[in-house]
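Here is how the chains run, residue by residue.
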Amino acid sequence: MKTTITVNGQARTLDVDSRTTLLDALREHLGLIGSKKGCDHGQCGACTVLVNGARINSCLSLLVMHDGDQVTTIEGLGTAENLHPVQQAFLENDAFQCGYCTPGQICSAVGMLQEAADGWPSQVMEDVAALVDLTEAEIRERMSGNICRCSAYPQIVAAIRSVAGDAA
Amino acid sequence: MRPFTYERAADALSAVKAVAENPGAKFLAGGTNLLDLMKLDIERPTHLVDVGRLPFAGVEEVNGGLRVGGAMVNSKLAAHPRVRELYPVLVRALVSGASGQLRNKATTAGNLLQRTRCAYFYDTTKPCNKRQPGSGCSALEGVHGSHDAIFGASKACIASHPSDMAVALTVLGASVETLTPSGASRTLAVQDLHRLPGDTPQVETDLAPGELITAVLLPPPPEGGQVYRKVRGRASYAHGIASVAVAGGRVALGAVAHKPWRAAHIEDALAAGASAVEAAEAELSKADRSDRNALKIALVGRLAAAAIEESKTRRTA
Ligand SMILES: Cc1cc2nc3c(=O)[nH]c(=O)nc-3n(C[C@H](O)[C@H](O)[C@H](O)COP(=O)(O)OP(=O)(O)OC[C@H]3O[C@@H](n4cnc5c(N)ncnc54)[C@H](O)[C@@H]3O)c2cc1C
Ligand code: SF4
Ligand code: FES
Ligand code: FES
């Protein structure tokens, strides 16, 4: 089935089996292997990409569901010479070991920071109608959809806090 | 995954017709439950009708309450200013479910219709009456079941319904609005949407084949504090072992039955002036006891009592 998506600013048309997930389309058909397949069942977050600005698990979505959508992967966030602030913060804070979860962590953090800026609630808030203050507990809760098998969590939280602090 | 054909529905009625007329067809919304189960060969649709882009994704004010679109994603519903103001119990239930990424895809209707997380339902090498009717229930003899039903289970199935959102909708007295294959619309209480397992655990709701959930209707919030509490194996990103929703004098329990469980005995006891602990006991004394669920029954009792106490200190909408 023919599907057109805009990936990192470039329109791409694919004609693939309807079973192809967005993740497999990115990795196997478009050669964008930054997004990782950890579990393929929505349980790890390694495949996180941004679709129309919102973070999702690309393993639990079909390419055909995304006709006309804007997809941003880790390859589209920054370049080696000009890193995205979240990428830069991960480097500065040593926020990874093996790096397998990292593209998903970074895409997820970019989506999460926007959600927090838009005032979206979380379950650790005392009053869900209150304003968001990105404390360590908030970052941990909001990033819980990204598992790090190397357990680099303290550094990941520090990296995200440094970006959240700069934005505030 | 088995092959299937895919279409994006042009409008609600053609979506309903496409599914009603084809026994192998299913609606597809966010896909976070259906695609997962298809990868595991548990769901085997031959045709998917994508309803994710139908124009049912907003919130409208109606009669002092709200009408929420069936295709609205969970994260946007939780973030909606009126929902945060009027229904904190619903917001808390939504944001305690799954993860930020999943909530950006999960829809109101898909969340209500997500299937059980019973480990034997997921293990295709084991008998399961829900997955393969008549094959038996592995959970009855299985390793202990913190996710087992303690109310309304049958010999055919002891699975529980895993949705957090549905527990809050039940306590709020919400209903679902549907479009039926005849083109008529009907409403039914969320409380009456799901069935108890009986002899047919594979039949989970009272919806007809092809019946589409177009909206959820929230009546004005009841007087009194609202609370949602959930217990699980880790602090986040896990299904509940049990949960409790309180809104004023109303109480519903999650992960304790094949459907979100309105705790009528607790409500009656509270109305008669019982303490939170006594009220919880009034419900839990009616639980189906087995040699493996004593811990869960004690847990639900304490959780309910604590949530009722907490509701007295929470803001009224
Ligand atoms: C790792 C993980 C953790 C999770 N943790 C939690 C948790 O803690 N709490 C919780 O509550 N949930 C949890 N979930 C489940 C999640 O909430 C559901 O997968 C999601 O809500 C399903 O919504 P969807 O739109 O993706 O549905 P889909 O997967 O698209 O559809 C689900 C079902 O609904 C039917 N359907 C969809 N739309 C309609 C409609 N409009 N009318 C009629 N039928 C329709 C489909 O045919 C299908 O049978 C978790 C999921 C995962 C993968
Ligand atoms: S409890 Fe229900 S879902 Fe679980 S194995 Fe038994 S029949 Fe299947
Ligand atoms: S690969 Fe998608 S969540 Fe694990
Ligand atoms: S850095 Fe290895 S999994 Fe996170």
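Scoring rules and cut-offs
Residues numbered from 1 in each chain as written. Chains lettered and ligands numbered in written order. Predicted model: local features only at pLDDT ≥ 70, side-chain atom pairs only at ≥ 80, totals over all residues. Heavy atoms only, no water. pLDDT = per-residue confidence, 0-100. Helix = DSSP H or I, 4+ residues; strand = E, 2+ residues; numbered from the N terminus. Buried < 20%, exposed > 50% of the residue type's maximum accessible area, 1.4 Å probe, protein only. Pairing = 2+ DSSP bridges. Arc of directions from axis to C-beta. Contact = heavy atoms within 4.5 Å. Polar contact = N/O pair within 3.5 Å; in protein donor to acceptor, adjacent residues only side chain to side chain. Core = buried A, V, L, I, M, F, W, Y, C linked by side-chain atoms within 4.5 Å.

J.: Mind showing me how you'd approach the confidence of the model for chain A here?
T.: The predicted structure's coordinates, where accompanied by low pLDDT, should not be read in detail. Within chain A, residue pLDDT values average 97, and 98% of them lie at 70 or more. Looking over chain A, one finds the lowest element-wise mean pLDDT in helix H6 (residues 153-167) of chain A, namely 91, and the highest in strand E3 (residues 48-51) of chain A, namely 99.

J.: Where do I start with the pairing of strand E5 (residues 65-69) of chain B in this structure?
T.: Strand residues, when the strand is regular, have side chains that alternate between the two faces of the sheet. Residues and elements named next belong to chain B. The element E5 is extensively covered by neighbouring structure, given that 5 of its 5 residues are classed as buried. Across the two faces of E5 the burial is the same, with Gly65, Arg67 and Gly69 and Leu66 and Val68 all buried. Pairing of strand E4 (residues 59-62) with E5 involves 4 bridges; the strand directions are antiparallel. The residue of E5 that forms the bridge with Val62 is Gly65. With antiparallel pairing between neighbouring strands as the criterion, E4 and E5 make up a hairpin whose turn holds 2 residues, including Asn63 at a positive phi of roughly 45°.

J.: Sorry, what's going on with helix H1 (residues 12-20) of chain B here?
T.: Side chains that are three or four residues apart share a direction in an α-helix, a result of its 3.6 residues per turn. All names here are of chain B. Along H1, the residues classified as buried are Ala12, Ala15, Val16, Ala18 and Val19. For H1, the angular spread of the buried residues around the axis is 165°, confining them to a single face. Elements that come into contact with the buried residues of H1 comprise strand E1 (5-8), strand E2 (25-28), strand E3 (47-50), strand E6 (175-179) and strand E8 (212-218). Regarding H1, its N-cap is Asp11, as a side-chain oxygen of that residue lies 3.2 Å from the backbone nitrogen of Leu13 further along.

J.: I tried to follow the nonpolar core on my own but got confused; where do I start?
T.: The nonpolar side chains of a soluble globular protein tend to be buried, and buried together. Ranked by internal contacts, the top residues of the largest apolar core, which has 37 residues, are Leu90, Leu112, Leu169, Leu172, Val176 and Leu218 of chain B. Sequence-distant contacts of Val176 of chain B, defined by excluding residues within four places in its chain, comprise Leu112, Arg186, Thr187, Leu188, Val190, Leu193, Ile213, Ala215 and Val216 of chain B.

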